[in-house]
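Inside the fold
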Amino acid sequence: MIPFNQLKPLHDLLADEINAALLRVADSGWYILGPEVAAFEREFAAYHGLKHAVGVATGTDAIELALRAGGVGAGDEVITVAHTALATVAAIEATGAAPVLADIDPVTFTLCPDAARAAITARTRAIVVVHLYGGAADMDALLSLAQARDLLLIEDCAQAHGALYQGRKLGTLGSMGAFSFYPTKNMGAYGDGGAVITDDDALAEKLRKLRNYGQSSRYHHQSRGTNSRLDELQAAVLRVKLAHLDELNQRRRDIAAIYEANLTGVHKPSARADSQHVYHLYVIRDAQRDQLMTDLQERGIGTLIHYPVPVHLQESHRDLGLGAGSLPYTERAAREILSLPLYIGLSDDDALRVCEAISQLRGV
Ligand SMILES: *Cc1c(COP(=O)(O)O)cnc(C)c1O
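A short tour of the structure in this document, coming up. Note that the coordinates shown come from a computational prediction; the quantities given were computed from them, not determined experimentally.

**Details of a negative patch on the surface**
Together, D16, E17, D246 and E247 give the surface a local cluster of negative charge. Broken down by secondary-structure element, the contributors of at least two residues to the negative patch are α1 (8-28) and α8 (232-262). Counting through the fold element by element, D16 comes out in helix α1.

**Points about the layout of surface pockets**
Taken as a whole, the largest pocket holds about 460 Å³ of empty space. The wall of the largest pocket is formed by 30 residues, among which Q159, T184, K185, H280 and Y307 lie closest to the centre. Within the residue set of the lining of the largest pocket, elements represented by two or more residues are α3 (59-69), α4 (86-94) and β8 (176-180). Computed from the structure, the second largest pocket encloses a volume of approximately 190 Å³. Every residue lining the second largest pocket is listed: W30, I32, L33, N212, Y213, Q215, R218, Y219 and R229. Looking at the lining of the second largest pocket residue by residue, the classes come out as five nonpolar, two polar and two charged.

**Quick notes on the packing of aromatic side chains**
One pass over the structure, following the stated rule, counts seven aromatic pairs. Here the aromatic cluster, defined as three or more aromatic residues joined through ring pairs, consists of F40, F44, F179 and F181. Lying across the ring of Y47, K169 places its NZ or CZ 4.1 Å from the centre.

**Digging into the sheet that holds strand β6 (residues 164-165)**
In spatial order, the strands read β7-β6-β12; together these three strands make up an open sheet with antiparallel pairing. The outermost strands of the open sheet, each flanked by one partner alone, are β7 (168-169) and β12 (275-276). Bridging between β6 and β7 involves two bridges; their strand directions are antiparallel. Bridged to Y165 within β7 is R168.

**Considering helix α11 (residues 348-362)**
Given 3.6 residues per turn, any residue in an α-helix points the same way as the ones three and four places further on. Its 15 residues place the ends of α11 21 Å apart at the C-alpha level, agreeing with the 21 Å of an ideal helix rising 1.5 Å per residue. Among the residues of α11, those classed as buried are D350, A351, V354, C355, A357, I358 and S359. Buried residues along α11 sit against α8, β13 (282-285), α9 (289-298) and β14 (337-340). One or two steps after α11, the chain reaches G363, where phi turns positive at roughly 65 degrees.

**Comments concerning the sheet that holds strand β1 (residues 52-56)**
Strand order in this open sheet of seven strands is β1-β9-β8-β5-β4-β2-β3, and the pairing throughout is mixed. The open sheet has two free edges, formed respectively by β1 and β3 (98-102), since each of these has just one partner strand. Strand-to-strand, the axes of this sheet are offset by a mean angle of 25 degrees, without reference to chain direction. For strand β4 (residues 124-130) and strand β5 (residues 152-156), the ladder comprises five bridges, and the chain directions are parallel.

**A short note on empty space enclosed by the protein**
Enumeration according to the criterion identifies three cavities of 30 Å³ or more in this entry. By volume, the largest cavity amounts to about 160 Å³. In terms of residue class, the lining of the largest cavity is made up of ten nonpolar, five polar and one charged. Volume-wise, the second largest cavity comes out at about 110 Å³. Lining the second largest cavity are 14 residues, with L7, L10, K185, R252 and I344 positioned closest to its centre. Ranked by residues supplied to the lining of the second largest cavity, first place goes to α8 with three residues. Residue composition of the lining of the second largest cavity, grouped by class: six nonpolar, five polar and three charged.

Here is what the cut-offs are and how they apply
Residues numbered from 1 in each chain as written. Predicted model: local features only at pLDDT ≥ 70, side-chain atom pairs only at ≥ 80, totals over all residues. Heavy atoms only, no water. Patch = residues over 30% accessible without salt bridge, like charges linked within 9 Å, V, L, I, M, F, W, Y side chains within 5 Å. Areas by Shrake-Rupley, 256 points an atom, 1.4 Å probe, with all protein chains shown as cover. Salt bridge = Lys/Arg side-chain N within 4 Å of Asp/Glu carboxyl O. Lys, Arg positive; Asp, Glu negative; His and termini not counted. Charge placed at Lys NZ, Arg CZ, Asp CG, Glu CD. Helix = DSSP H or I, 4+ residues; strand = E, 2+ residues; numbered from the N terminus. 1 Å grid on protein atoms, 1.4 Å probe; cavity = no way out; pocket = protein on both sides within 12 Å on 5 of 7 lines; lining within 4 Å. Points joined across faces, edges and corners; volume = space filled by probe spheres on them. Nonpolar A, V, L, I, M, F, W, Y, C, P; charged D, E, K, R; others polar. Phe/Tyr/Trp six-rings, centres within 6.5 Å; stacked < 30°, edge-to-face > 60°. Lys NZ or Arg CZ within 6 Å of the ring centre and 35° of its normal. Pairing = 2+ DSSP bridges. Expected span 1.5 Å × (residues − 1). Buried < 20%, exposed > 50% of the residue type's maximum accessible area, 1.4 Å probe, protein only. Contact = heavy atoms within 4.5 Å. Axes fitted to C-alpha atoms, helices over the stretch in contact; angles between N-to-C directions.

Keep in mind these numbers describe shape, not what the thing actually does.
Now the structure itself:
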């Protein structure tokens, strides 16, 4: 059996450091907004070469609070993709703004800059670009579009911790970078967590208030906020994970290289030449995807689809009024994509067995 994913091997690898961090917090007697969160925020900001990181409760909150800090709210429109975790769109809606869904580039599976430009109206205030699967979107084009139209550009980096675009870390290119630390992400906590990074002092100040009921000093509230805090236990775990992030991402790239060299009979992902992919997911395309998935399952190989139903075709989002056929590349992706097993603890031999199974099934 080769499962699609498992988290235990990574825990075992880092168990000494993680368990020490957990005990350190338990013994400290301080559990919310204390020294671990402050240290993690310093370390995460420094890793990105920026001045600020603000820990929040989830990746969804990171996107929502980044938009709110940037002044986005009711009456505004925010452009993003339908080919993403539903969380991206839910975060936009939580601000009161309306999501406007644009099609993806068929090669990178990320927001198509021309589609984004065509979606701009007088109400557009922001773009949320998703660096899906761990690979960068076309940031040159999107940055110049955002600049020309005076739009906030938020990078959804929930799948792209440590990834590079032209040598620069994702999350540092736009106005703010939003991260999730959900356990399965490249940098996962032992529960929920998220963060926003920025170089802008005023935005960071707003984010710190927003996550803590708008509190400016104890029991004094300057603005309306919410409860969205990263806790000390998660921050202590994340400090350990951050110290190992680059080496863990390198292992993911090594597994992807095995797939790249040995897969036959299916369309392999093409990473941008100017970016360093971190392979949160290794996603192939195949016209007979459903059959391939079933056949692999019968051979004991787990796969998943990220994502089988685009946001505009979800029952929950029918009121957006975008029917089937409105986002052709997004819909084709949903029909053809398949994510192969890729996790810390997957051996080279496991990856080769996946390749062999696919070659046999495809008769090549
Ligand atoms: C995981 C994810 C999110 C949401 O993160 P949570 O921490 O689960 O709220 C947002 N966007 C993308 C692309 C994701 O993969």
